[in-house]
Amino acid sequence: MNVLTLIFGAMLSENLFFGRLCGTACGSEPVRVKDAAQIGLLTAVVSSLSALILSLLEKLVFVPLNAEYLYLLVFAAVSMLLTQLAFRVRKKKDADALWLPVLIGCMAVGIAADVSSNLLESFLRTLCTGVGYLAVLVLMASVRDRLSGSKIPACLRGLPIDLVAVGLMTLAFMGIVGLA
Amino acid sequence: MKNSYTYGNAAARFFVGLCPVAAAADCGVNGFAIGMVMLIVLFVGGLILSAIKKLLPEKARIPAAALILCTLTAAAQMFIRLIQPALVAELDVFVPMCAVGAMLTLLPKGRDDSTAQRGAKCGAAALAALTLLGVLRELIGSGSVFGAVLWENTDAYVLIAHYPAGAYILLGIALGIGSAIRNHGKGDTK
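Residues numbered from 1 in each chain as written. Chains lettered and ligands numbered in written order. Predicted model: local features only at pLDDT ≥ 70, side-chain atom pairs only at ≥ 80, totals over all residues. Heavy atoms only, no water.

Visitor: Would you mind showing me how to read the overall build of chain B here?
Guide: Within chain B, the regular secondary structure consists of eight helices and two strands. Secondary structure of chain B in N-to-C order comes out as α-α-α-α-α-α-α-β-β-α. Expressed as a percentage of the 190 residues in chain B, the buried residues total 51%. For chain B, contacts bridging at least 24 residues in sequence account for 68% of all contacts bridging at least 6. By element, 66% of the accessible surface of chain B is carried by carbon and sulfur atoms, the whole surface being about 9,100 Å². (Helix = DSSP H or I, 4+ residues; strand = E, 2+ residues; numbered from the N terminus. Buried < 20%, exposed > 50% of the residue type's maximum accessible area, 1.4 Å probe, protein only. Contact = heavy atoms within 4.5 Å. Areas by Shrake-Rupley, 256 points an atom, 1.4 Å probe, with all protein chains shown as cover.)

Visitor: Whenever I open this one, the packing of helix 7 (residues 115-142) of chain B against helix 8 (residues 164-184) of chain B confuses me. Can you help?
Guide: Packed helix pairs are specified by the crossing angle of their axes together with the interaxial distance, meaning the distance between the axes. Residues and elements named next belong to chain B. At a minimum axis distance of 11 Å, the contact between helix 7 and helix 8 shows a crossing angle of 115°. For helix 7 against helix 8, the interelement crossing comes out right-handed. Residue-level inspection shows Leu 133, Leu 136, Arg 137 and Ile 140 of helix 7 in contact with helix 8, the latter providing Pro 164, Ala 167 and Leu 170. (Axes fitted to C-alpha atoms, helices over the stretch in contact; angles between N-to-C directions. Left-handed = near helix turned anticlockwise from the far one by under 90°.)

Visitor: I'm lost on the interface of chain A and chain B in this one. Help?
Guide: Where interface size is quoted, it is often the accessible area lost as the parts come together. Between chain A and chain B, the residue contacts involve 47 residues of the former and 46 residues of the latter. Between chain A and chain B, roughly 3,800 Å² of surface is buried when both sides are summed, and carbon and sulfur atoms account for 79% of that area. Linking chain A with chain B are zero salt bridges, by the criterion used here. Our count for the contact surface shared by chain A and chain B stands at zero residue pairs in polar contact (both at pLDDT 80 or more). Elements represented by at least two residues in the side of chain A that touches chain B include exactly helix 2 (16-19), helix 3 (33-65), helix 4 (71-90), helix 5 (95-113) and helix 7 (159-173) of chain A. (Buried area = accessible area lost by both parts, 1.4 Å probe. Salt bridge = Lys/Arg side-chain N within 4 Å of Asp/Glu carboxyl O. Polar contact = N/O pair within 3.5 Å; in protein donor to acceptor, adjacent residues only side chain to side chain.)

Visitor: Would you mind showing me how to read the side chain of Arg 118 of chain B here?
Guide: All names here are of chain B. Note on placement: Arg 118 falls in helix 7. Looking at Arg 118, the relative accessible area reads 6%, which means it is buried. Among the polar contacts made by the side chain of Arg 118, one reaches the main-chain carbonyl oxygen of Thr 105 at a distance of 3.1 Å.

Visitor: Would you mind going over unusual backbone geometry with me for this structure?
Guide: Leave glycine aside and you will find that most residues have negative phi; peptide bonds, for their part, are mostly trans. Positive phi values are uncommon outside glycine, yet Asn 66 of chain A reaches one of about 60°. Mapped onto the elements of the fold, Asn 66 of chain A is located in the loop between helix 3 and helix 4. Even without a glycine there, the phi angle at Phe 146 of chain B is positive, about 50°. Inspection of the secondary structure assignment puts Phe 146 of chain B in the loop between strand 1 (144-145) and strand 2 (148-149).

Visitor: Hey, could you run me through the environment of Thr 73 of chain B in this one?
Guide: If you trace the backbone, Thr 73 of chain B turns up in helix 4 (residues 61-83). Separated by 2.7 Å, the side chain of Thr 73 of chain B and the backbone oxygen of Leu 69 of chain B make a polar contact.

Visitor: Would you take a moment to explain the environment of Leu 12 of chain A for this structure?
Guide: Residue and element names in this part refer to chain A. Mapped onto the elements of the fold, Leu 12 is located in helix 1 (residues 3-13). Its relative accessible area of 30% is what places Leu 12 among the partly exposed residues. Linking Leu 12 and Arg 32, residues 20 residues apart in sequence, is a C-alpha distance of 24 Å. Leaving out residues up to four positions away in the same chain, Leu 12 has contacts with Phe 18 and Ile 176.

Visitor: Is there a simple way to explain the packing of helix 2 (residues 10-22) of chain B against helix 6 (residues 94-106) of chain B in this structure?
Guide: Residue and element names in this part refer to chain B. Interaxial distance between helix 2 and helix 6 falls to 7 Å at its minimum, and their mutual angle equals 165°. As the angle between them shows, helix 2 and helix 6 are arranged roughly antiparallel. When you trace helix 2 past helix 6, the crossing you get is right-handed. Residues Arg 13, Phe 14, Val 16, Gly 17, Pro 20 and Val 21 of helix 2 touch helix 6, and the partners they reach there are Phe 94, Met 97, Cys 98, Val 100, Gly 101, Leu 104 and Thr 105. Here the residues of the contact of helix 2 with helix 6 sort into nine nonpolar, three polar and one charged. (Parallel < 35°, antiparallel > 145°, perpendicular 65-115°, else oblique. Nonpolar A, V, L, I, M, F, W, Y, C, P; charged D, E, K, R; others polar.)

In short, geometric facts, not functional conclusions.
Take a look at the structure:
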């Protein structure tokens, strides 16, 4: 498979976060763009490393034993371990606040990226899906920043206007589906 | 990251949990199916988590919860594949996403109710909300309900309702209408 097609496809045109799972960004905690960027970056790194391990396991364990149903469970376990490791390496005080959003992000990226037994393809696809998730989080945080200073009807403040914004964002990105 | 609506408000937390799977409910049948998966995962997950809560140290609760919810989602996916394989292709990536939705709903600490109560309430509400969303999208997108065509005026169909974008916009508008009705008597003038 053409590497550039894979990269741009996973990041843009076939990115499930832009096209269908944009709403997952509503589940992320950050209000600030900086926090969103940190969560997205950690998610991309941890999920791509998890994908490497899962790809190996898929090749050596799941397929020979006909146990593909274990994928989600093992991905969750591997993501948790790598998330803990990443926060220990990072050594900053905001670990408690960021841990759950990063874990949830890793789960979402792992499910969206669809890891296969091809190591390089899985790693690249998951990394690029993670970068797409980072972009969605940063965009959502920026939109929230803008909306926080705007005059919005009381009934639409908070989650309702965020959902409408996510819907419009999804609509916009549907325009680039099929580009790669 | 203070002042986040997901942790402060139980209702908002519930709708945030629906976000990963809302796009799956593009018709009544799919909405009901994904709602059933959410109900099973949330209800059974809530019961198990509530039962083992005191056996686990504080720091092990979130990892254990994530593993339990993922196991339940995988089991639900296998069950759907057994009884209705065509539905698995329709729902595609959204069945595993129920694990993410359930984590968003159950894992943040609730202030007033136990995990089992929250799981039961949210599961039932998820089934109702997703079925209603699917029916609404099918109705305004193609004039039918659960496959039964109610009116055939293709000019009147709102095609955006078929797309994931329509799901989020409709959900946002529905939440806004609900908020307006709830606040109407309280005289919220902000």
